[in-house]
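Examination of the molecular architecture
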Amino acid sequence: MTLVPHKKAKALKPSSRRPAKELCSECGLCDTHYIHYVKEACAFINQQIPELEEQTHGRSRDLDKSDDLYFGVSQDMMAARKTEPIAGAQWTGIVSTIAIEMLTHGLVEGVICVQNTEDDRFQPKPIIATTPEEILAARVNKPTLSPNLSVLELVEQSGMKRLLVIGVGCQIQALRAVEKKLGLEKLYVLGTPCTDNVTRAGLQKFLDTTSRSPKTVVYYEFMQDFQVHFKHEDGSTELVPFFGLKTNQLKDVFAPSCLSCFDYVNSLADLVVGYMGAPFGWQWIVVRNDRGQEMLDLVQDQIETQPVMSKGDRHQAVQQSIPAYDKAITLPMWAAKLMGVVIEKIGPKGLEYARFSIDSHFTRNYLYVKRNYPEKLEQHVPGYAKRIIEQYKLPE
Ligand code: FAD
Ligand code: SF4
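The structure displayed is predicted, hence computed values, not measured ones. (Residues numbered from 1 in each chain as written. Chains lettered and ligands numbered in written order. Predicted model: local features only at pLDDT ≥ 70, side-chain atom pairs only at ≥ 80, totals over all residues. Heavy atoms only, no water.)

Around ligand 2 lies a shell formed by Arg18, Pro19, Ala20, Cys24, Ser25, Cys27, Gly28, Leu29, Cys30, Val38, Cys42 and Phe44. A per-class count over the shell around ligand 2 returns 9 nonpolar, 2 polar and 1 charged. (Near = heavy atom within 4 Å. Nonpolar A, V, L, I, M, F, W, Y, C, P; charged D, E, K, R; others polar.)

Next up, the structure:
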């Protein structure tokens, strides 16, 4: 792939430093001089996942293989959890542990990760960590758009040659597109899946409409039991069923970038650590290439693992959820709880749950792009996503 600096980049005014405009996910690239490459690199201007898969993993995904189609290029997949979880991590802290081991073993000199600002636990503050303490301080999700790549220039200035980047799909697509321009000897990428992210203001609206005590939420996750789990400052957990979310008020809360994203599983990371393909309480690991395996090997003695499993059939639930979301139907809480209990008992589990989540988001996002950016539809939706969406009947 040849990257040509965008000719007009120097002429861009500060107000137009986000060429993806309202689709910008604030990945941070445009806060650096790498903005010169934005027209080629931005995930929302130039979707190029198959080409970048080839560049990163040596091949792009095989659309005729179900696991490739859904989860991207991989050489291994498993469920795992730390035998001694890190307190305050999002799940058991596998991501933070790998990053710390990479640094202390001298495989990298720095780690791009994201802490929060002093006065707001959800306001992201990207950093290049050079100590285990700084990595630990970045644990737990900042469930907001985060400009992780804004510190890329500092990598160059510091003279670092071996780097680990932790990030979500849109950040990693832009990173891969400029990777060869960074002057690094070795780049490792540790990714997480990501969906339904929000701006800081959007997050407040989500918390205010969904939680009983928005001010005390320290963490939340949409979990495999079809409930949102909010953890509060006092250690208590609040459960809200997915089907009870106030969809009519929340429909416009998710960032336009996330409503038009088709890289839920972070296709271009070397190693992906999420949860959605694993049984409840476990994390889901996708090893995409040898660099990913090298990272995972560093923590083998700190984790227990089990093979991935798959149970149930998601198709009917996905098909039914399409018009329900479209019409912003919200169930009364008693019905939502009941539905949650039933689906939890008979619904999709393990990899089938991950497919359920991917199908639901891809169909929703396809409709969003088709209705709001019809001119982008053909180029922006990758072939694998089209193949997945074709399984369902969509409203106009
Ligand atoms: P920890 O050890 O707690 O480390 C978390 C790491 O995430 C930190 O290193 C930090 O730098 C990084 N991070 C935090 N916030 C951001 C951010 N906004 N952008 C980039 N990096 C960030 N997994 C799924 O399976 N399905 C999902 O739908 C899903 N959605 C997610 C949405 C977001 C916004 C994020 C950040 C992650 C999501 N994940 C999802 C991943 C999952 O929630 C956990 O982050 C993952 O399993 C790692 O857990 P851990 O305990 O090992 O991480
Ligand atoms: Fe720039 Fe990133 Fe926004 Fe695209 S998503 S316009 S690359 S900051």
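That was the structure; now back to the text.
With that settled, consider the side chain of glutamine 47. Note that glutamine 47 resides in the loop between α1 (38–41) and α2 (49–57). At 2.9 Å, the side chain of glutamine 47 and the backbone nitrogen of isoleucine 49 are in polar contact. In this structure glutamine 47 touches Gln173, Gln379, His380, Val381 and Pro382, once residues within four positions along its chain are discounted. (Helix = DSSP H or I, 4+ residues; strand = E, 2+ residues; numbered from the N terminus. Polar contact = N/O pair within 3.5 Å; in protein donor to acceptor, adjacent residues only side chain to side chain. Contact = heavy atoms within 4.5 Å.)

What follows covers the site of ligand 1. Residues in close proximity to ligand 1 total 33 residues, the closest being Trp91, Ser96, Val140, Lys142 and Glu221. With respect to ligand 1, the backbone of valine 114 contributes an N or O atom lying 2.9 Å from an oxygen atom. A distance of 3.1 Å separates a nitrogen atom of ligand 1 from a polar backbone atom of threonine 144. The fraction of the free accessible surface of ligand 1 (910 Å²) that becomes covered by protein chains is 98%. Sorting the residues of the shell around ligand 1 by element identifies α4 (94–104), β2 (110–117) and β9 (271–274) as the ones contributing at least two each. With 3 residues, the single largest contributor to the shell around ligand 1 is α4. Of the residues assigned to the shell around ligand 1, the class counts are 16 nonpolar, 14 polar and 3 charged. (Areas by Shrake-Rupley, 256 points an atom, 1.4 Å probe, with all protein chains shown as cover.)

Helix α14 (residues 351–372) packs onto helix α12 (residues 315–326) with a crossing angle of 40 degrees between their chain directions and a minimal axis gap of 10 Å. In this view, α12 runs oblique relative to α14, as classed from their interaxial angle. Helix-helix and strand crossings are classified by hand; for α12 and α14 the assignment is right-handed. Residues Ala317, Val318, Ser321, Ile322, Tyr325 and Asp326 of α12 form the contact with α14, whose own contacting residues are Phe356, Asp359, Ser360, Thr363, Arg364, Leu367 and Arg371. (Axes fitted to C-alpha atoms, helices over the stretch in contact; angles between N-to-C directions. Parallel < 35°, antiparallel > 145°, perpendicular 65-115°, else oblique. Left-handed = near helix turned anticlockwise from the far one by under 90°.)

Strand order in this open sheet of 8 strands is β3-β2-β4-β5-β9-β10-β1-β11, and the pairing throughout is mixed. With partners counted over all chains shown, the strands left at the sheet margins are β3 (120–129) and β11 (303–306), one partner each. The mean inter-strand angle of the sheet, taken between neighbouring strand axes irrespective of direction, is 30 degrees. Of the pairings in the sheet, the one linking strand β5 (residues 186–191) to β9 comprises 2 bridges and is parallel in character. Bridge pairing in β9 links glycine 191 to valine 272. (Pairing = 2+ DSSP bridges.)

As a further point, take the pattern of salt bridges. One pass over the full model with this rule turns up 18 salt bridges. Across the pair arginine 59 and aspartate 68 runs a salt bridge whose closest N-O atoms are separated by 2.7 Å. On the accessibility criterion, aspartate 68 (5% relative accessible area) is buried. The partner of lysine 370 in a salt bridge is glutamate 396, with the nearest N and O atoms 3.4 Å apart. A residue pair is termed long-range when its members are at least 10 positions apart, and lysine 370 in helix α14 and glutamate 396 in the segment after α16 (383–389) qualify at 26 residues. Taking the relative accessible area as the measure of exposure, glutamate 396 reaches 73% and is therefore exposed. A single salt-bridge network, built from bridges that share partners, covers Asp67, Arg314, Glu352, Arg355 and Asp359. (Salt bridge = Lys/Arg side-chain N within 4 Å of Asp/Glu carboxyl O. Buried < 20%, exposed > 50% of the residue type's maximum accessible area, 1.4 Å probe, protein only.)

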